[in-house]
Every structure is written in structure tokens, then in C-alpha cells.
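# Per-entry structural report
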Amino acid sequence: MVTIDSLHGVNDKIIEQLNKLNIYTIDDMLFYLPLRYEDRTKIKRLAELQVGDNTMVEGTIQAAEVKYGKKRSLICILEDDTGTIMLRFFHFYPALREALKPGTKLRCFGEVRQGYHCLELVHPQYELLDYSNSVPDLAEHLTPIYRTSSKLNQTVFHSLIDQIFAKYEIIDYIPEALRFKLNLMPLREAVQILHHPTSEIAATLTDEKHPAKIRLAFEELLAHHMSIYSLRANLNKYNAAKLDNAGTLVQALLAQLSFKLTAAQKSVITEITNDLRSANPMQRLLQGDVGSGKTIVAAISALQAIESGYQVAIMAPTELLSEQHTRTFTQWLEPLDIKVTWLTSSLTKKKREQTLATILSGEVALIIGTHALFQKDVEFHKLGLIIVDEQHKFGVHQRLALRNKGNQAGIYPHQLIMTATPIPRTLAMTAYADLDTSIIDELPPGRTPVTTVVMPNTRRDEVIARIKNVCTNEARQAYWVCPLIEESETLQLQAAEETAIKLQKSLPELKIGLVHSRMKSKEKEQVMDAFIAKELHLLVATTVIEVGVDVPNSSLMIIENAERLGLAQLHQLRGRVGRGAVQSYCVLLYQLPLSEVSKSRLGIIRDNHDGFVIAQYDLDIRGPGEVLGTRQKGIMNLRIADVRRNKDLINDVVEIGKIIFDNYPEQCQALIQRWVKEGLNYGTI
Ligand code: ADP
Ligand code: MG
């Protein structure tokens, strides 16, 4: 890697400015593409000028004077064989006035505007011509214009780029045979075209599919893919506990379940079991649509670690979900004589200390909590498996940092990462290339798809009548979700509280509960317990119930201001109902007026039940950041490529990535270093 300070004329100030643009190396400079181009390759005749032209003209000054109007300005009339144009300068020094006197020959570049009397160039860039000497050559190619700050001007960029082309070898790390196979443009040619196109080519560069742009996008995606891939390979060098056992506990759990596992659940369990028996740490992503039954898969995985004498930590994104998991796992595992504990922030200091002691001594086998599980003072006795539920709510960095936690004497815990947010394949191939994937592609039998209706909130009364019917005549339960739409959290919670009060007024015969993120864990727990025990008919909630909450008796979900939520989020929320055999309903209320885009988005949710299809729409409409969760945007810090625009490239990226990774280690490392600066930091374990 050659750093920019090796270029001529680069001082500390310039370095500082370039660094602000994330430019550190010569390669960075080359991949910093122009915003647009100016055509200084030809001179336009004055008679042919049109308003809006960005163009170069040449002529002789015929007259020059200073005008004192509202604003003082220097005006010159420039003339060529065909016509004239007015040059106007508002800021000028006496020297300029002196230089631009009649008879002076001038070459100017600027935008042609309509003035009071004639066409004008305001503050053109200009160059005095001296015909007794030779006239300067015209540019051979278009002049690139870079996005920059006021402290760094275009000439610096031009000089540096020119130096790089003149002095440095631009190494193409993609082996020629592979490049040929994919018909990729050589790197040097691609950057040259992008920085210095001819006017014919420039017109085609607006097309993102131009071979020069494709070349760079491909290389960038390739580098990202390989960086994650090499993290993975590194990990394989580490040891994990071989969790080999007779499966007695698993059999005991299965025997007490009221349902049979689906074929999909069985097959992912086989994949997980094989991993757990290996001496390498498992890194497995378990994807399964909402309600597909991931929790029991987690429990079965946990039992295999526990039977082998190891502890298991389960991390959930919300207190609410971690509490529910504690309830579920206790119910499943206590009959097997296994101790489960909930590590929550709401414990008293004394209780927390006691809990930590039981974790350290190995007395408890299964520990459930939020990310607080991984605070410094939490020490495990012998951690064999980490399960992360609803991974999309955590950042990728958090996930990778977890790998360190629980490392004892060079033995790393296995990791099972579960998510209901389906990750479209194109994205999974890049952002999650370090994980093996298992998919539960079937729902437990007897589920009836949720019927979804979309209506304006002016029809609230009908909805309220519906709730009354469901909760009284049908003895079912319902959720009313108020998404957080105000800027301030306090206002948001007020809105939820007010909604609960209003609904209680309209539905005096129903028992209504309220849960939101600001409540104390204990209070939340009480409300959820009451809802599960069917003591409450209707639960008014913020989106805290989005993930994981599992109360099969509820069959009606109302989501207010649905147009403000992401598709994946709506799908998750809707997944809270339809968990039993009865027909469930989801009502999406929207605020009028509704834009066309919002209308079609709500239509997508109404008409689709497959989380993968919905996530694909989300990806198309809102981009990868939304699908992965905003906190994860960092992982794909792409400069040129775009996972949506360039999704056709992914298959080749994966294929070629593997070949380069296996056969060309030096090129592989060079590509990663060239493109993924932050990438290697989260790789250290
Ligand atoms: P998710 O994948 O969204 O986490 P859960 O694990 O919460 O789904 O499961 C949803 C519901 O389905 C739970 O009530 C669970 O007990 C039930 N369930 C899981 N597997 C099966 C199965 N094979 N047959 C019937 N019900 C199942
Ligand atoms: Mg779940």
C-alpha cells in the first residue's frame, strides 16, 4: 500500500483534507471517483452558445468597463469570428482589470447564462493567451470534478491523479485468467476511463452498468466478501469444546413436548448437532420466519452443551423477550433438573451478586439475558455455547465481539445466531459470509395464515367493535400497537398511555394492559404474565413486542400508523398472531392522506406472508441498512458498489472469491487491504 504522502506536492494540510474524505492511499485516491466532468476538449464558437452550456470559449476582448449598479462589477465583451458574449466579474482586483483590457486574447470556461441584454459568463475560469508564444493545447480528455471541501481545490486532485497515472503501477490483483473468464475490464483501464474519459465515453458513464464501473464494484464486493471469509477461516484455527453426548436430555425434553418437531426443525437440529460435535467453534445462523419454532431448536442445542457439562448463554435483544425465554426455558428444563437463571438489569445489587456467583460456580447451566450478559463482571464457569436470538437487533460488531467472551484457555464457545428477519441471499453472501446457514423453511402444521386488512384510522370504531367481539364472544386476545412516531420518547410513551385510556373508555367491559420500553422490568413482567394468564384481553404496546413475544391465544393485532414502519418490522409484529390454529387478523391502520408509495408498501404486507419475499421488497425499496438494522450499516461500508444495484454480481463474487481465497493468498490479502480498512479490526479474536 502506497500512502498519499509519497506523491509530489502533498503537505500536511492536504493530507489532513484528503483524510477527511477517507483518502489515505494511492488506491483510495483512484477509487475516489469524479462527481461529474467538464468538457475542455473543444472550443465552442460564440454564435453557437446556448443557455446552460458548460463550455470553453476563446476570443479577444473588445471592450471592458467597471459598472456601478447595485453591485460593482467588471464587464468585458469577448468576441470571436462568429459573435460575442459578456463576461461578468463581481470580485476583482485592479490587476485583473488591468489584464483584461481590450485586445487581450482569452480562453474561458464557464456556464452560459441569460443576462439582461445578451448571453453572459459569470466569473468564468480564464487563461490569457499569448499568440506570440504557442497556444496551450486543449485537454485530451474531459476534466474530472471531484466532491471536495473548500480547503482542497480541484487542481490538487488533478495533479495527484495525473501523478498516479504517470508514476505508479496500478496493480490488478484479480488474476488474469479469472478476469478473462468474467470479461472484466483491466483495472488500469477502468480507473483511467473513470477519471479521464473522452467526451464520447463520458456520456455512457452515467450508466451504472458501464464496464468500468462494474469492474470496480466487482472488485470492492469481492474484497468485502473475502475479508469476512478470511475472518471465518481464522476462526477455524481455534478450538471449541466437542459437545458429544448420548442425547439423553434431548430425548427427555422431546418426550415431554406437546408437539412433534417439523421436518425442517429436525434437519436444522442435525446440522447444529454435527457442528457442536466438532472441535471448531460453530458459527451458525439459524434463519426461520416468525413463528417457525426457533426457540425449541435453541433449547435442544442448549441441552447438548449442558449434557456435556458446559454452560449456555442466551442473549435476547429486549428485556421482555429475555423474560419470556426465561419462562419458556424454565418450563422446559426444570423438569429435567436443570437450573435456569435470568440476568436482568432490574436485579437488586445483592441479588445480582448472588446470581453472578452461581454463574461463576457453574451451579446454573443456562443463563438468559440481554446484552448485559456480556458485561465485564459476568464470568462463566465453563461456557460452551452462546445463542443470540433475533440477531438483526444487534450490531455485527457486537456479534463478533462475543467471540472473545467465554474464551477459556484457548477454547472458544460455539455460537448459534437466530434471526427471523430473513436476509436476502445477495446480502447474506456478503454481510454474513462468515456464518454457516440453516433455514427452517416450514411452519408448524395447523397454522392459518393471518388475514391482513389495510384501512384509514377514520374507521377506528369498526376496529374497536371487532376487538370487543374477538375478546368476549371468541374468548381470544388482541394487541394494539402504537408505533413510536414522536421525536421524543416521553411523548411517544404518553401517546401509548393515552391510547390505552381511550380504548378503555370505549371498551369498559375489557381488561386492558399497557407495556412499553420505559417501564421497569418488574412492571413489564407483571403485565406480560397477566396477558399470558388471559387476565388481560387487550395489550396496548409500543413496538417492544416486535420480537419474540409468543402468546398463541391472541388472534387480533392492530397496528396504528402502519405506514411509518418498515415492511420487515410490520411482518414481525404481525407474527405475534397466527400462532395457533384459529384464523387471526391483522389490521393496519394508516393516517390519511396516504402517498402512493406507502399505499403500495402496505399492499405488499397485505398480500404476502413469506418473510423472505417481504425482506426482498424491503431491500429493494429501502436498502440494506434497513434490512440489517441501522446499526449494521457499518459492515458494508461500500464506496462504489451497491448491494441492490450490483446484485447480479454476487454469484460471481462468491465463486471467484473462493478461488482467489484458496489459490492466490497474496492477492487476496492485497485486495482486502486495498478496500476494507476497518474490516480486519473486528477479525481479531
Ligand atoms: P419463532 O421462530 O418466531 O421464535 P417460536 O419458537 O416462538 O417461533 O415458536 C412459535 C410457537 O410455535 C410457539 O408457541 C412454539 O411452542 C410453537 N411450536 C414450535 N415448534 C412447533 C411444532 N413443531 N409444532 C407445533 N408448535 C410448535
Ligand atoms: Mg423467537
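Here's a quick rundown of the structure. Note that the structure is predicted; figures quoted are calculated from it, not measured.

## A word on the sheet that holds strand β20 (residues 512–515)
Within the open sheet, the six strands sit side by side as β18-β23-β22-β19-β21-β20. Their pairing is parallel. Edge positions in the open sheet fall to β18 (451–456) and β20, since each of these has one partner strand only. Adjacent strand axes in the sheet meet at a mean angle of 20 degrees when their direction is disregarded. Contacts from helix α18 (residues 521–532) reach β19 (477–481), β20, β21 (538–541) and β22 (554–559), with the element oriented near 140 degrees to β20. Across the sheet, helix α20 (residues 596–607) lies against β18 and β23 (585–590), angled at about 155 degrees from β18, the strand it touches most.

## Let's talk about the site of ligand 1
Taken together, the neighbourhood of ligand 1 is formed by 16 residues, with Gly291, Lys294, Thr295, Arg447 and Asp550 sitting nearest. The side chain of Arg447 places a nitrogen or oxygen atom 2.7 Å from an oxygen atom of ligand 1. A distance of 3.2 Å is found between an oxygen atom of ligand 1 and a side-chain nitrogen or oxygen belonging to Arg579. Summarising the interface, the protein chains cover 86% of the accessible area of ligand 1, which totals 570 Å² for the free molecule. Along the lines of polarity and charge, the residues of the shell around ligand 1 split into four nonpolar, six polar and six charged.

## A few points about the environment of Thr344
Here Thr344 is to be found in the loop between β12 (340–343) and α13 (349–361). Here Thr344 falls in the buried class, since its relative accessible area comes to 3%. Linking Thr344 and Thr330, residues 14 residues apart in sequence, is a C-alpha distance of 16 Å. Setting aside residues no more than four positions away along its own chain, Thr344 makes contact with Glu319, Arg352 and Ser521.

## Concerning empty space enclosed by the protein
Counted according to the given criterion, the structure contains two cavities of 30 Å³ or more. Roughly 50 Å³ of volume is contained in the largest cavity. Taken together, Glu208, Lys213, Ile214, Ala217, Ile640, Arg645 and Asn646 make up the lining of the largest cavity. The class makeup of the residues in the lining of the largest cavity is three nonpolar, one polar and three charged.

## Brief notes about the packing of aromatic side chains
Under the defined criterion, the tally for this structure stands at eight aromatic pairs. Between Phe31 and Trp675, the ring centres sit 4.1 Å apart and the planes meet at 15 degrees, which makes this aromatic pair stacked. A residue pair is termed long-range when its members are at least 10 positions apart, and Phe31 in the loop between α2 (26–30) and β1 (36–38) and Trp675 in helix α24 (residues 665–675) qualify at 644 residues. The pair formed by Phe31 and Trp675 is uniform in burial state, with each residue classed as buried. For the pair Tyr32 and Phe157, a centre-to-centre distance of 5.8 Å together with 20 degrees between the ring planes defines the contact as stacked. With Tyr32 in the loop between α2 and β1 and Phe157 in helix α4 (residues 154–167), this residue pair connects regions lying 125 residues apart in the sequence. An aromatic cluster is defined as three or more aromatic residues linked by ring pairs; in this entry it consists of Tyr32, Tyr146 and Phe157. Here Lys71 stacks its cationic end above the ring of Phe90, 4.8 Å away from the centre of that ring.

## Focus on the pairing of strand β3 (residues 72–79)
Looking down a regular strand, the side chains alternate between one sheet face and the other. Most of β3 sits out of view: six of its eight residues are buried. Where strand β2 (residues 54–68) hands over to β3, the hairpin turn is made up of three residues, counted between the paired strands. Alignment of β3 against strand β4 (residues 84–89), held across six bridges, turns out to be antiparallel. Bridged to Ile75 within β4 is Arg88. Following β3, the chain reverses through four residues before pairing antiparallel with β4.

## A look at the nonpolar core
In this structure, Leu18, Met29, Phe157 and Leu222 are the most contacted members of the largest nonpolar core, which totals 52 residues. Those elements that provide at least two residues to this core are α1 (12–20), α2, α4, α6 (187–195), α8 (211–235), α23 (650–663) and α24. Counting residues per element, this core draws most heavily on α8, which supplies nine residues. The contacts of Leu222, once residues within four sequence positions are left out, are Ile174, Val653, Ile656, Gly657, Ile660 and Leu671. Core analysis: the next-biggest nonpolar cluster, separate from the first, contains 40 residues, Leu253, Leu286, Leu366 and Met418 among them.

## Digging into the pattern of salt bridges
Within this structure, the stated rule accounts for 30 salt bridges. Between Asp28 and Arg639 there is a salt bridge, with the nearest N and O atoms lying 3.1 Å from each other. Of this pair, Asp28 sits in helix α2 while Arg639 sits in the loop between α22 (624–628) and α23; the two residues are 611 residues apart in sequence, bridging distant segments of the chain. Under the relative-accessibility criterion, Asp28 is labelled buried at 2%. Its salt-bridge partner being Arg88, residue Glu120 comes within 2.8 Å of it at the nearest N-O pair. Of this pair, Glu120 sits in strand β6 (residues 119–122) while Arg88 sits in strand β4, and the two are 32 residues apart along the sequence. Residue Glu120 shares its accessibility class with Arg88, and that shared class is buried.

## Concerning the packing of helix α19 (residues 567–574) against α20
Where α19 contacts α20, the axes come no closer than 10 Å and their chain directions differ by 35 degrees. For the pair α19 and α20, the sense of crossing is right-handed. Along the contact surface, α19 presents Leu567, Leu570, His571 and Arg574, while α20 presents Arg601, Leu602, Ile604 and Ile605. Here the contact of α19 with α20 is composed, by residue class, of five nonpolar, one polar and two charged.

The rules we used
- Residues numbered from 1 in each chain as written.
- Chains lettered and ligands numbered in written order.
- Predicted model: local features only at pLDDT ≥ 70, side-chain atom pairs only at ≥ 80, totals over all residues.
- Heavy atoms only, no water.
- Pairing = 2+ DSSP bridges.
- Helix = DSSP H or I, 4+ residues; strand = E, 2+ residues; numbered from the N terminus.
- Axes fitted to C-alpha atoms, helices over the stretch in contact; angles between N-to-C directions.
- Contact = heavy atoms within 4.5 Å.
- Near = heavy atom within 4 Å.
- Polar contact = N/O pair within 3.5 Å; in protein donor to acceptor, adjacent residues only side chain to side chain.
- Areas by Shrake-Rupley, 256 points an atom, 1.4 Å probe, with all protein chains shown as cover.
- Nonpolar A, V, L, I, M, F, W, Y, C, P; charged D, E, K, R; others polar.
- Buried < 20%, exposed > 50% of the residue type's maximum accessible area, 1.4 Å probe, protein only.
- 1 Å grid on protein atoms, 1.4 Å probe; cavity = no way out; pocket = protein on both sides within 12 Å on 5 of 7 lines; lining within 4 Å.
- Points joined across faces, edges and corners; volume = space filled by probe spheres on them.
- Phe/Tyr/Trp six-rings, centres within 6.5 Å; stacked < 30°, edge-to-face > 60°.
- Lys NZ or Arg CZ within 6 Å of the ring centre and 35° of its normal.
- Core = buried A, V, L, I, M, F, W, Y, C linked by side-chain atoms within 4.5 Å.
- Salt bridge = Lys/Arg side-chain N within 4 Å of Asp/Glu carboxyl O.
- Left-handed = near helix turned anticlockwise from the far one by under 90°.

Note that all results are geometric; they support no functional claim without further evidence.
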